[in-house]
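# Residue-level structure breakdown
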Amino acid sequence: MRRKFHGLKRPKIRQSWNKYNLYNLSRLRRQDIKTRTFFQQKWTAKASTRAYHGEQIREKQWQHMFRPRLASVVPMDHRYLAQFDGSEQALGRGSGLDVDPSANSQREGNSAKKNPKIPYMNMVYAPMERRLDTAVFRALFASSARQARQFVVHGFVRVNGKKMIYPGYMLNPGDMFQVEPERVLFATGAPKTKRQRRSGRRKAKEAPPSSEAASNKGATDEDVGLDLSTLSLTESAAAAAPPPSDDPVAALLTRARATISGIDESSLTAKQKQAFRSLKKSAKSLHSQRNSAPAFAVPTLEAELSNFTFLLSPPNSPSNPASADGQSAKEATPEKVMQQAYENPIDSSKPYGTPWRPRDYMSPFAFIPRYLEVNQNICAAVYLRHPVARPGLSEVSISLDTYTGDAYQWLLRRYLPHSIKNRISWHSIGIFVAVVDKCKQISCNNLKKKLVHGNRGILYKY
Amino acid sequence: MFAWLKGPGENFRRPLPDSTNYLSSYNSQGRLWRSLESSPTLALDEEASDPPAESNPESKENPLQSQVVSEDKLPPEDKQDLKPFPVNSDFTSQPVLSEELREEIYDRVVNNGKSVKIASAELSVDMSRVAAVVRLKTIEKDWVKKNKPLAKAYSKAILEMLPTTPLTKFPMRPKMHESINDLPVHPATTQQIFEPTSESRSFTRIDASKVFDPELLPADERISHPELIELERERRLGISQEERIMRQRERAKKELERRESKERRRDEIEEATLKRVLPAERGGNGGRWEWRFREISVQDAGKDGRAPGGVGWRYGIPHEDRKKGHVKIPTRV
């Protein structure tokens, strides 16, 4: 049986935005390499990195995915390539003309900074990043890898426009994946407060069945068009999408209903309450006698609606979504507020708190690796290429660095696929092991240097 | 844990306005390194007063986020602030394209009709990324046209949390987003080779690539924008700008012709191997369908009959697609 997912006693870093995970990450330390045997180090390294990378998949699956080859690129400067043909590097070898190859540009300052090492050991788990569920998590469409997996299994994810229900689908370069925006907003948004839940329940109970059906339809049906003309009219009127019919009266009623259902009456001022009640009244009367309504009923409701939303619009009002957006209220013009209210409406039918705001403790985990190109507006991303390492930079996010060389050695020894074992020359494997050893050495040296110079990384105490 | 969450951890509950908010940009007391460094006297005071507070987690005062936020302008993040994992110094949160830059890329490629290669070189954005941006933007515009709601609030919140590459207006040079001339490390080049050669020989990159592997191309031809090298070379020779532009146009034209002729040849070969038969009842033309026959070699199935090139069901070779333990996840969509 698995221990606690976010345990505090034996902390494991997970692919999740949980606050327990954040706390564990904040007190994470490098492994003690002095008192432990090499095998212990390797075991811990492998266990702790595996707990982060694809803990939801079976060991055997990972064994099939593991490849010893670690991809990397070197950025080239076209100016340098134009100026030299490469012979300058062999110039004067042994006759006193050769320069230290690491210091090929002394005018640029420190050569070690100029030519950093390629962090190959961070790339051990690169094959995992190809998985669809991991990519969905990396694109910030889900709050954990497990949730991303659930989204895939439940059919909310499409690859190249087709529904893909296999979380283990290995993305190919150029594949585009899309997640239902409603699911993304649910996964990344703050949950409803107690008050919002309660008022939502009350609204659902109070609302007549026909309007409930309409609001449900507006919430779930993706193809319902948003009437852009409502934007200029009213602020939270666009809370729910109007029904697809062209009937202006129905559209107006839906807007009014959405406005009414998103308001908690107890939080209004006296003047707002007055406007609110008269709005409710005229909406009700128009609803009850839709077919035989007097000619002035529609413009009356229209006026009530705009009056009420105008009363709501002062930037300091509690129900104003602009203040919840983290934007300073003083610089928000009425047009901006209106725009924001249109984009981020109050709607109690949603499964997340509205107006939408990012969930707590999300920002320390927010990063998008370069092998993905994400368009947040449509909740879609393209997997551009496989992740690579480049000098001083790796694209596979991994929470631990000194560990990974050990993990790689552990895997190399055991997980080399037979097909590859036969194909690959053992000579190149030897090079990888040498790289590992060198990395270990380097990281130890860095550690010492940091201890001596009081580097910031070590100052970070727990 | 809850003491930490109420203390230094409180900084991470909400995003920092217009900035990233990673663990490594705070010290153990929950203060931003950036704000401490920008006001050294404050830092000194705190260092003097902090150690007793640090030993006792209960007495940890609340972080000074409110103070930090109330200051007019935070200093921009440095490299150290962009590391989400304090223990791993090699992983950095790299900037993403800002909304305006994406719009600009779409505009250049779709509205101005520039090629992906040129847009990539101008804005220093990788070619595959340019293509992806155009593809995603096209879908976005389509959604707008169909009145499909966009996740604007989500997009705005995410882009505020992440480092972004802004769009710079014309007189300023575009800010480099990423290296566009990445050279993939070829497996053949990962070994050290002792190659004896005469001292007088000019041993260039082309020679070196031949030593590693006779098939390997030199770095100049393996990068994504080899034409930039040629342009730079001409600039160094002192050729006038008009002349260079003309030459580049000619080269681009030639390249396009080459690619087109290649495609044409491929189509011709395809056409030659394909035999089309039109239905007879319509007099041999004008039908909505046709038969297409292609030559298939039995030998494609290989010696054991299981080679991937083999076509159709072969006697004695069972289909294993319904067998337990075989992977049925599609490999491409």
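Residues numbered from 1 in each chain as written. Chains lettered and ligands numbered in written order. Predicted model: local features only at pLDDT ≥ 70, side-chain atom pairs only at ≥ 80, totals over all residues. Heavy atoms only, no water.

## Here's the deal with the overall build of chain B
- The helix and strand inventory of chain B stands at 12 helices and 5 strands.
- Counting all 333 residues of chain B, 35% fall into the buried class.
- In chain B, the proportion of contacts linking residues at least 24 apart, taken out of those at least 6 apart, comes to 50%.
- Within the structure as shown, chain B displays about 21,500 Å² of accessible surface, and the carbon and sulfur contribution to it stands at 54%. (Helix = DSSP H or I, 4+ residues; strand = E, 2+ residues; numbered from the N terminus. Buried < 20%, exposed > 50% of the residue type's maximum accessible area, 1.4 Å probe, protein only. Contact = heavy atoms within 4.5 Å. Areas by Shrake-Rupley, 256 points an atom, 1.4 Å probe, with all protein chains shown as cover.)

## Some points on the interface of chain B and chain A
- On the side of chain A, 103 residues touch chain B, which itself brings 92 residues to the contact.
- Carbon and sulfur atoms supply 59% of the area buried between chain B and chain A, which totals about 8,900 Å² over both sides.
- Looking at the side of chain B facing chain A, the largest losses of area belong to Val87(B), Tyr154(B) and Val333(B), adding up to 9% of the total buried there.
- At the boundary of chain B and chain A, one finds 6 salt bridges.
- Linking Asp182(B) and Arg390(A) is a salt bridge whose minimum nitrogen-to-oxygen distance equals 2.9 Å.
- At the junction of chain B with chain A, the criterion picks out 33 residue pairs in polar contact (both at pLDDT 80 or more).
- Of the residues assigned to the side of chain B that touches chain A, the class counts are 44 nonpolar, 22 polar and 26 charged.
- Examined bridge by bridge, strand E1 (residues 73–75) of chain A and strand E3 (residues 182–184) of chain B share 3 bridges and lie antiparallel to one another. Within E3(B), the position partnered with Pro75(A) by the bridge is Asp182(B). (Buried area = accessible area lost by both parts, 1.4 Å probe. Salt bridge = Lys/Arg side-chain N within 4 Å of Asp/Glu carboxyl O. Polar contact = N/O pair within 3.5 Å; in protein donor to acceptor, adjacent residues only side chain to side chain. Nonpolar A, V, L, I, M, F, W, Y, C, P; charged D, E, K, R; others polar. Pairing = 2+ DSSP bridges.)

## Concerning a negative patch on the surface
- Taken together, Glu257(B), Glu260(B), Glu263(B), Asp267(B) and Glu268(B) make up a surface patch of like negative charges.
- Here Asp267(B) lies in helix H12 (residues 241–273). (Patch = residues over 30% accessible without salt bridge, like charges linked within 9 Å, V, L, I, M, F, W, Y side chains within 5 Å. Lys, Arg positive; Asp, Glu negative; His and termini not counted. Charge placed at Lys NZ, Arg CZ, Asp CG, Glu CD.)

## Points about the packing of helix H5 (residues 99–111) of chain B against helix H6 (residues 116–123) of chain B
All names here are of chain B.
- Remark: H5 packs on H6, axes separated minimally by 9 Å, with the N-to-C direction vectors making an angle of 145 degrees. Crossing hand, H5 versus H6: right-handed. Every residue of H6 that contacts H5 at Leu101, Glu104, Ile105, Arg108 and Val109 is listed here: Ala119, Glu122 and Leu123.
- In terms of residue class, the contact of H5 with H6 is made up of 5 nonpolar, no polar and 3 charged. (Axes fitted to C-alpha atoms, helices over the stretch in contact; angles between N-to-C directions. Left-handed = near helix turned anticlockwise from the far one by under 90°.)

## Quick look at the domain arrangement of chain B
- If you check the domain split of chain B, you get domain 1 (2–82), domain 2 (96–165) and domain 3 (187–271).
- Each of domain 2 of chain B and domain 3 of chain B has a C-alpha centre, and these two points are 30 Å apart. (Domains from an automatic or database assignment.)

## A closer look at unusual backbone geometry
- Between Thr354(A) and the following residue, Pro355(A), the backbone shows a cis peptide bond with an omega angle of -5 degrees.
- Examined against the element boundaries, Pro355(A) turns out to sit in the loop between helix H16 (334–343) and strand E5 (372–375).
- With a phi close to 55 degrees, Cys379(A) is a non-glycine residue in the positive phi region.
- Among the secondary structure elements, Cys379(A) is positioned in the loop between E5 and strand E6 (380–383).
- You will see that Ser124(B), though not glycine, has its phi angle at about 55 degrees, which is positive.
- Note on placement: Ser124(B) falls in the loop between H6 and helix H7 (127–145).

## What to know about the pattern of salt bridges
- Counted according to the given criterion, the structure contains 42 salt bridges over all chains.
- The salt bridge involving Arg102(B) is made with Glu373(A); its shortest N-O contact spans 3.9 Å. In this pair, Arg102(B) sits in helix H5 while Glu373(A) sits in strand E5, so the two residues belong to two different chains.
- The exposure class of Arg102(B) is buried, given its relative accessible area of 3%.
- One connected set of salt bridges, linked through shared partners, spans Arg357(A), Asp360(A), Glu10(B), Arg13(B) and Arg14(B).

## Focus: the packing of H5(B) against H7(B)
Residue and element names in this part refer to chain B.
- Packing of H5 against H7 leaves a shortest axis separation of 9 Å and a crossing angle of 95 degrees. Judged by the inter-axis angle, H5 sits roughly perpendicular to H7. For the pair H5 and H7, contact is made by Glu99, Arg102, Glu103, Ile105, Tyr106, Val109 and Val110 and by Val130, Val133, Val134, Lys137, Thr138, Glu140 and Lys141, respectively. (Parallel < 35°, antiparallel > 145°, perpendicular 65-115°, else oblique.)

## Re the sheet that holds E6(A)
- Pairing in this open sheet of 5 strands is antiparallel, and the strands run E3-E2-E4-E6-E5 (chain A) from one edge to the other. Of all strands in the sheet, those with a lone pairing partner are strand E3 (162–163) and E5 of chain A, marking the two edges.
- Inspection of the sheet shows strand E4 (residues 175–179) of chain A paired to E6(A) by 4 bridges, in the antiparallel sense. In the strand pairing of E6(A), Gln178(A) is matched with Ala380(A).
- Sitting on the sheet, H7(B) touches E4, E5 and E6 of chain A, and the angle it makes with E5(A) is about 20 degrees.

## Regarding the environment of Val211(B)
Residues and elements named next belong to chain B.
- As for its position among the elements, Val211 is in helix H9 (residues 205–212).
- Its relative accessible area of 24% is what places Val211 among the partly exposed residues.
- Each C-alpha atom of the pair Val211 and Glu195 lies 7.7 Å from the other, and the pair is 16 residues apart in sequence.
- Discounting chain neighbours no more than four positions away, the residues touching Val211 are Ile193, Glu195 and Phe203.

## Side note on the packing of aromatic side chains
- Taken as a whole and judged by the stated rule, the model has 21 aromatic pairs over all chains.
- Taking the centre distance of 6.2 Å and the plane angle of 85 degrees together, the rings of Phe151(A) and Phe156(A) count as edge-to-face.
- Given the relative accessible area of 2%, Phe151(A) is considered buried.
- On the basis of relative accessible area, Phe156(A) is assigned to the partly exposed category, the value being 26%.
- Aromatic side chains Trp356(A) and Tyr154(B) sit 5.8 Å apart centroid to centroid with 80 degrees between the ring planes, which places their arrangement in the edge-to-face category. Of this pair, Trp356(A) sits in the loop between H16 and E5 while Tyr154(B) sits in helix H8 (residues 152–161), each in a different chain.
- The exposure class assigned to Trp356(A) is buried, which follows from its relative accessible area of 3%.
- Among the aromatic side chains, those forming a connected cluster through ring pairs are Tyr23(A), Trp4(B), Phe12(B) and Tyr26(B). (Phe/Tyr/Trp six-rings, centres within 6.5 Å; stacked < 30°, edge-to-face > 60°.)

## So, H8(B)
- Among the 10 residues that make up H8(B), 7 are buried, leaving the element largely enclosed by the rest of the structure.
- Taken as a whole, H8(B) has its buried residues at Ala153(B), Tyr154(B), Ser155(B), Ala157(B), Ile158(B), Leu159(B) and Met161(B).
- Of the surrounding secondary structure, the elements contacted by the buried residues of H8(B) are helix H8 (181–188) of chain A together with strand E1 (96–97), H5 and strand E2 (164–165) of chain B.

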